[in-house]
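Survey of secondary and tertiary structure
One letter stands for each residue in the lines below.
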Amino acid sequence: MRYVKLPQENFEEFFNSLKRWGKLYAPVKKGDIYSFQNVETLSEITLDYTRTMLPPKKFFVRPKDEMLKLKEGHWEEANGTEPIVLFGVHSCDIHGLEILDKVYLSDPVDPYYKKRRENSIIIGISCMPDEYCFCKSLGTDFAMHGFDLFLHELPDGWLVRVGSVKGHEIAWGSEELFENVTEEDFHHFREFEEKRTNSFKRSLNKEGLADILDLAFDSPVWKKYERICLGCGNCNMVCPTCRCYEVCDLWINAYEAVRVRRYDSCFMETHGLVAGGHNFRPTRLDRFRHRYYCKNYFDPESGFNCVGCGRCDEFCPAKIEHVKVLDEVREGLQ
Amino acid sequence: MMLKLGVFELTGCGGCALNILFLYEKLFDLLEFYEIKEFHMASSFREHDALDVAVVTGSVSTQRDLNLLHYARNHSNYLIALGTCATHGNVQASVEGKIREKLEKVYGTKANPMRALDSTPIVQHVAVDYALPGCPYDKDEIYQVLISLAKGIEPPTKDYPVCVECKLNEYECVLVKKEIPCLGPITLGGCNAACIKSGVGCIGCRGPLPKEANPASEFEILKELGYDEEYIRRKFKTFARGELRW
Ligand code: SF4
Ligand code: SF4
Ligand code: SF4
Ligand code: SF4
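This is a predicted model, so every value here is computed, not measured. (Residues numbered from 1 in each chain as written. Chains lettered and ligands numbered in written order. Predicted model: local features only at pLDDT ≥ 70, side-chain atom pairs only at ≥ 80, totals over all residues. Heavy atoms only, no water.)

1. Let's talk about the pairing of strand E3 (residues 33-38) of chain A
Residue and element names in this part refer to chain A. Relative to E3, strand E2 (residues 23-30) runs antiparallel, the two sharing six bridges. Following the sheet pairing, Pro 27 is matched in E3 by Phe 36. Linking E2 to E3, which pair antiparallel, is a turn of two residues; within it Gly 31 sits at a positive phi near 65°. (Pairing = 2+ DSSP bridges. Helix = DSSP H or I, 4+ residues; strand = E, 2+ residues; numbered from the N terminus.)

Following this line, the structure appears as structure tokens:
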């Protein structure tokens, strides 16, 4: 991997140069949440944000996504894809996108997702964990791939890792803004990473988790939380790795319609409902438990379907804590 | 073949019938498929006929309402309960006590010349084919339902709480971030989280999400935030004392 240095005095110019590559989106503060929004100037964005409420997934699988238009009796594709640059993506979210890739880009490939992924540039940025983060325990606290450039904070600028050919082109295109990395910069980089490593307050004990979940299907812990959980689906809606969607047709006039897909949640009644009226998960208990199995168990070989971003905790109205639930399930077996 | 449509108003504020007219030019899309045989809010024209679709708004609050409801049911193939008065009874049904006592309290006499009844949702009296709550409902919803029916498609029902639409629109959660008492987690969605868009909490106007919602936990959450039990209880039953049944 190639490393270059972006001195602080060139940062703004670099930021502005990114607009050449596509419509620029970056984390912006909206009330008490953060959101990836289209930005024009550096002053609009919050570099030291914790996490956006909706993850960057929203650019590839949109919350409400028009797929097709019914016009004069024919379905037409509705989606314009435009080149975008996502600036300031955290490592956990880059891992989240890679988990989505496994789902949406393996056979059968989702054409909408694929086109948008191909037309996007991902610029990562380093971060400091808050009380909700547990990415380190899942190994998603550092991204080795899945980005074009990754910016690491230095006292006097940014250490930039170049992660792709596209990233190379971007850096090359603004060559005059970059410098070589010095030993001192590497020293600062390591210092930052060390400080970060020591700042995590939460960690998920992965050890034997698949076996534990196997044994804990009837654990009273699920029952305890089923009484607290509202079944509201907020945890799914904000999760960077949730992949479920619902498709419906909406009339726009007497003879024209659009086919829209939107995020779905396995807390909803029809999520487990199949033809004939059978529901695989008829109760809130089934649904509450299911989410934990989906995140941590289905295919432990290929990694977890959770990147430890902390969104489900931050946005759960019932203040249910993901790690705590799993810890209690583990303890319940001992 | 044009479908025959009737819109009936029982006791309510009239807003739900008016909301259909607020479709404005989109009304003409409906007229591609429907002949309107009765719609008091729109026209004095009225033709007694068998109806394909009857839309009933308002709650059963008088004997006249009940008779009209039975008429609509007996003369239609498909009956839609439209608005929270029709589906859950709304505020008038959440007033406790017997009708004679209420009359006395308000008018000083138990006499009941208007033949008032204790307000109840229409779903308590007749079988309905589709229930669309909301005070008022989102007008695009009835539009979708009526066009789907005209095309021979059984209109889908929503299975999710307001929170889902709140997140789809990326609104800041006022419950989590502002500690505003929001009933979104236990209230049936479909309004596109209109209240949260304005920065206020959901007041539950669409009634409780059927089946797996958890009002007990919502109660505890609001209590934890310092809201008074009586306040929460009143909030819960403002629109939907009558249970959702159809
Ligand atoms: S956000 Fe919390 S309360 Fe809502 S469904 Fe998820 S775990 Fe349950
Ligand atoms: S099943 Fe549930 S937890 Fe799993 S991806 Fe779908 S919504 Fe997310
Ligand atoms: S389960 Fe929770 S912590 Fe894990 S990726 Fe999803 S939102 Fe983040
Ligand atoms: S603001 Fe209300 S409706 Fe929106 S997510 Fe929060 S609790 Fe749900």
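Let us keep going from here.
2. A look at the interface of chain A and chain B
Every contact between the two is made by 43 residues of chain A and, on the other side, 35 residues of chain B. With both sides pooled, the region where chain A packs onto chain B buries about 3300 Å², and carbon together with sulfur makes up 56% of that total. A:Glu269 is the partner of B:Lys211 in a salt bridge, and the nearest nitrogen-oxygen pair spans 3.5 Å. Put simply, the parts of the chain that give the side of chain A that touches chain B at least two residues each are E3, helix H7 (220-228), helix H8 (234-237), strand E10 (245-251), strand E11 (257-263) and helix H9 (284-296) of chain A. (Contact = heavy atoms within 4.5 Å. Buried area = accessible area lost by both parts, 1.4 Å probe. Salt bridge = Lys/Arg side-chain N within 4 Å of Asp/Glu carboxyl O.)

3. Notes on the domain arrangement of chain B
Residue and element names in this part refer to chain B. Assigned domains of chain B: these are domain 1 (3-150) and domain 2 (162-240). For domain 1 and domain 2, the distance between their C-alpha centres works out to 26 Å. The interface of domain 1 with domain 2 comprises 14 residues on the first partner and eleven residues on the second. When the two sides are added together, the surface that domain 1 and domain 2 hide from each other amounts to roughly 870 Å², 49% of it contributed by carbon and sulfur. Summed over the three residues of domain 1 that lose the most area to domain 2, namely His 88, Ser 94 and Pro 133, the buried surface amounts to 39% of that side. At the junction of domain 1 with domain 2, the criterion picks out two salt bridges. Salt-bridge contacts for Arg 206 lead to Glu 141; the nearest nitrogen and oxygen are separated by 2.9 Å. (Domains from an automatic or database assignment.)

4. A closer look at the sheet that holds strand E2 (residues 34-39) of chain B
Residue and element names in this part refer to chain B. Across the sheet, five strands lie side by side as E2-E1-E3-E5-E7; this open sheet has parallel pairing. Sheet topology places E2 and strand E7 (130-132) at the edges, where each strand pairs with a single neighbour. Averaged over all neighbouring strand pairs, the angle between strand axes comes to 20°, with direction disregarded. Pairing of strand E1 (residues 3-9) with strand E3 (residues 51-57) involves five bridges; the strand directions are parallel. Bridge pairing in E3 places Val 7 opposite Val 55. The sheet contacts of helix H3 (residues 63-74) involve E1, E3 and strand E5 (76-82), and relative to E5 the element is tilted by about 135°. (Axes fitted to C-alpha atoms, helices over the stretch in contact; angles between N-to-C directions.)

5. With respect to the pairing of strand E8 (residues 149-154) of chain A
All names here are of chain A. Of all six residues making up E8, five are buried, and the element is well covered by its neighbours. Sheet analysis places strand E7 (residues 120-125) next to E8, joined by three bridges and oriented parallel. Looking across to E8, one finds that Ile 123 is bridged to Leu 149. As paired elements, E8 and strand E9 (residues 157-162) share six bridges and run antiparallel to each other. From the neighbouring strand, Leu 149 faces E9, where its bridge partner is Val 162. Connecting the antiparallel pair E8 and E9 is a turn made up of two residues. (Buried < 20%, exposed > 50% of the residue type's maximum accessible area, 1.4 Å probe, protein only.)

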